[in-house]
Amino acid sequence: MTVRTRFAPSPTGALHVGGARTALFNWLFARSQGGKFILRVEDTDQLRSTDEAVKAIYDGMDFLGLDWDEGPKADGSFGPYMQTERLHIYKEYADKLLKEGKAYYCFCTTEELNKQRKEAAEKKEAPKYNKTCTKLTQEEVQNRIKNGLPYVIRFAMPESEKIEIDDLIRGKVVFESDLLDDFVIMKSDGFPTYNFAAVVDDHLMQITHIIRGDDHLSNTPRQIALYEAFAFELPKFAHIPMILGNDKKRLSKRHGATSVIAYKDMGYLPEAMINYLARLGWGHKDEEIFSREELLKMFSLDGVTKNPAVFDVEKLNWLNGQYIRKAIPERIVDFCEPLLINAYGDHDIKHISKIVSLFLDRLVVIPDIVELTEYFFKDNFTFTEKALNNLKKEGALQILKELKEKISNAESFNKEELEKAFKGLAAEKGVKLGVIIHPCRAAITGRTESPGIYDVIEVLGKEKVLERIDKALVS
RNA sequence: GGCCCUAUAGUCUAAUGGCUAGGACGCGACCCUCUCAAGGUCGAGAUACGGGUUCAAUCCCCGUUAGGGCUACCA
């Protein structure tokens, strides 16, 4: 039997990191097993689902390179893959349950249900539906429907049953059916609820492995009861731990960016994101850096941990730096170019490329390039206080003057010649190199830190360098 | 409240009964060095607590505590 997994997001917002990690694990598992990865959009919440969110999910998947074998915008013989296009299917299956007496119509209003729940809470009982509507006769039910009373369809939960989940990650988990109530499977708007639609679709789409967040573990017994009512074959379940914020609470906007697109916009590379997400809740020996190919080779469900993981942007930062350094420089230049042009106006790509290459070791995220390179693009760059102090130091201006003489006479303005000039001057004056370099750096960059000074001078060019030294001398 | 899940350093994890509990991020120091990075070396830092089982428990069992989830006509 070939493996079939699915990622089934509800389009109520951007693809967040938790969802992305679930998608990743499903993708990795299916592809590493030679199986199929399916995308199904669970858009049955009419209030919260939006087309923009569907698009946002595609964008997030696209950024991470998680492509699906079947789903919207792809082929597949188990479609449609948007749940709202499958309404007739859910109705058919609900009717089947109705006919077999495994489900029933319910006309209770929200107010009535709230009242029931409140009463149950006061009596310290489980807030279960009290089955009022099971007492209705066939006739009463038909009449109410005829009269246009709104209704839902409830699943008749079997009594006194033990429902066992054999979870691939958690092992055996047992629930008592008596603690579960007759949950709604079809809403009054004719749309299915999550637990119902998921079961029908997972069966029809022949999903073999349901890999999803831990938060669904408690929903699983309801779904298993449904599988049993339909006599569907049970898929394998694998509940992966959730991703939490630094306060160990469910990750939310309060913790900062949560959508993968936000991370894209902040300048994180997709391979860094994939690597980081893979390591949240999964590990393999002592290794930290995994290419997509390596993940495909090494990923397995028994490497998945049970405990929740805190999203740590510091580690993501480190990984991103690793991947920036590992990347083909031209690719990083391509990422930087539009940001630099946007900040400093049009510049020759060759010039930009030279500048960016000086900063490859210094980037944590791509947009760092903008602030780091200001003095390459602007002549009225700002001076830091420390840099100003370096220029005020005794002898600083004198040495700058001599440096200017020296390099303006240099035969050519390349790194090697410059180094010779600096070292020559240092030897003549009997001072350490830093005594020359520090004021020079301050004068031409306005800062106390930069790439190697010879590199900076070379890329900046003779004219600008001499100009800046002059400016420092007169001020 | 009920039910369920989880528990190795600040964080991500390795080690599933047996050497000084391993690696990574972060942190500190040092090296390299013109600065900042990058890179290298070293260091501090953990088995939540209490009971069992066992010759031996991070590991198995029970309890406590803590955190999380479900308990919707959300998914």
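Owing to the predicted nature of the structure, the values given are computational and were not obtained by experimental measurement. Per chain, residues are indexed from 1 in the order of the written sequence. Lettering for chains starts from A, numbering for ligands starts from 1, and both go in the order in which the items are written. Two thresholds apply to this predicted model, a pLDDT of at least 70 for residue-level local features and 80 or more for giving and counting side-chain atom pairs, whereas whole-chain, interface and lining totals are computed over all residues. Values shown for side chains rest on all heavy atoms present in the structure; no hydrogens or waters enter the calculation.

Caption draft 1: Geometry of the protein's contact with RNA strand B. In the vicinity of RNA strand B, 63 residues are found, and the nearest of them are K187, K249, G281, R362 and S450. Distances are taken per atom, and a residue is near a molecule or strand as soon as one of its heavy atoms is within 4 Å of it. Within 4 Å of the protein, the atoms of RNA strand B are drawn from sugar and phosphate moieties in a proportion of 72%. Within the side chain of N219, an N or O atom sits 3.0 Å from a base nitrogen of RNA strand B. D361 is positioned with one of its backbone polar atoms (N or O) 2.5 Å from a sugar or linking oxygen of RNA strand B. Strands are runs of DSSP state E lasting at least 2 residues, helices are runs of H or I lasting at least 4, and numbering of each runs from the N terminus. For the surface near RNA strand B, the secondary structure elements donating two or more residues are strand 4 (152-155), strand 6 (171-176), strand 11 (309-310), helix 11 (313-326) and helix 19 (433-445). It is helix 11 that contributes the most residues to the surface near RNA strand B, five residues altogether. Two N or O atoms count as a polar contact when they lie within 3.5 Å, although within protein this holds only if one can serve as hydrogen donor and the other as acceptor, and sequence-adjacent residues are included solely when both atoms are side-chain atoms.

Caption draft 2: Here's a closer look at the sheet that holds strand 3 (residues 103-106). Strands are treated as partners if at least two bridges between them are detected by DSSP. If you walk across this open sheet you meet the three strands as 3-4-7, and the pairing is antiparallel. Sheet topology places strand 3 and strand 7 (184-186) at the edges, where each strand pairs with a single neighbour. The average undirected angle you get between the axes of adjacent strands in this sheet is 45 degrees. Alignment of strand 3 against strand 4, held across four bridges, turns out to be antiparallel. Paired with C106 across the bridge in strand 4 is V152. Only the contacting stretch of a helix is used when fitting its axis, a line to C-alpha atoms as for every element, and angles between N-to-C directions run 0 to 180 degrees.

Caption draft 3: How the structure looks around the pattern of salt bridges. Basic side-chain nitrogens of Lys or Arg form a salt bridge, by our definition, when they fall within 4 Å of a carboxyl oxygen of Asp or Glu. Tallied over the full model, the rule gives 32 salt bridges. In this structure, D45 and R48 form a salt bridge, with 3.1 Å as the shortest nitrogen-oxygen distance. With a shortest N-O distance of 3.3 Å, K464 and D379 are connected by a salt bridge. Within this pair, whereas K464 is found in helix 21 (residues 462-474), its partner D379 is found in the loop between helix 15 (374-377) and helix 16 (385-392), the two being separated by 85 residues in sequence.

Caption draft 4: Fine view of the UniProt feature "binding site: ATP" (unreviewed entry) in chain A. UniProt positions are given in the numbering used here, feature names are shortened, and annotations may be inferred rather than shown by experiment. With numbering matched to this structure, UniProt assigns "binding site: ATP" (unreviewed entry) to K253. Along the chain, the position of K253 falls in the loop between strand 10 (243-244) and helix 8 (260-265).

Caption draft 5: Here's a closer look at the side chain of R40. Inspection of the secondary structure puts R40 in the loop between strand 2 (36-39) and helix 2 (51-64). Polar contacts involving the side chain of R40 include one to the side chain of E42, which spans 2.8 Å. With residues near it in sequence (within four places) discarded, R40 still touches R6, F7, A8, P9, Y81, Q83, A198, D201, D202 and M205. Contacts were defined at the residue level, with two residues in contact if any of their heavy atoms lie within 4.5 Å.

Caption draft 6: Quick peek at helix 6 (residues 194-204). Only protein chains enter the calculation, and the probe is 1.4 Å; a residue is then buried if its accessible area is under 20% of its type maximum, exposed if over 50%, and partly exposed in between. Extensive coverage of helix 6 is indicated by the burial of eight of its eleven residues. For helix 6, every residue scored as buried is listed here: N195, F196, A197, A198, V199, V200, D201 and D202. Residues of helix 6 that are buried make contact with strand 1 (4-7), helix 3 (87-99), strand 7, strand 8 (209-213) and helix 7 (220-230). Just downstream of helix 6, Q206 is the residue with a positive phi angle, here 55 degrees.

Caption draft 7: A look at the packing of aromatic side chains. In summary, the pairing rule links any two rings of Phe, Tyr or Trp, Trp by its six-membered ring, whose centres are within 6.5 Å, and it sorts them by plane angle into stacked for under 30 degrees, edge-to-face for over 60 and tilted for everything else. Counted by the stated rule, this structure contains 20 aromatic pairs. Seen from their ring centres, W282 and F299 are 5.7 Å apart, and the 35 degrees between their planes marks the pair as tilted. Of this pair, W282 sits in the loop between helix 9 (270-278) and helix 10 (292-298) while F299 is found in the loop between helix 10 and strand 11, placing the two residues 17 residues apart along the sequence. For the pair W282 and F299, a shared accessibility class is recorded, and that class is buried. Summarising the aromatic geometry, the rings of F359 and F376 are spaced 6.1 Å apart at their centres and angled 90 degrees between planes, so their arrangement reads as edge-to-face. Placement of the pair is F359 in the loop between helix 13 (349-357) and helix 14 (368-372) and F376 in helix 15, with a sequence separation of 17 residues.

Caption draft 8: Layout of the nonpolar core. Membership of the largest hydrophobic core comes to 101 residues, with the highest contact counts inside it found for M61, M273, F311, I332, F376 and I407. In terms of residue count, helix 1 (residues 17-32) provides more of this core than any other element does, nine residues in total. If we skip the residues at most four places from it in the chain, M273 touches V17, F63, L64, Y263, Y268, F311 and L316. Among the nonpolar cores identified, the runner-up in size contains 36 residues, and M157, F183, M205 and F237 belong to it. By nonpolar core we mean a set of buried residues, namely Ala, Val, Leu, Ile, Met, Phe, Trp, Tyr and Cys, connected to one another through side-chain atoms within 4.5 Å.

Caption draft 9: Region of interest: the environment of I289. Relative to the assigned elements, I289 resides in the loop between helix 9 and helix 10. Taking the relative accessible area as the measure of exposure, I289 reaches 24% and is therefore partly exposed.

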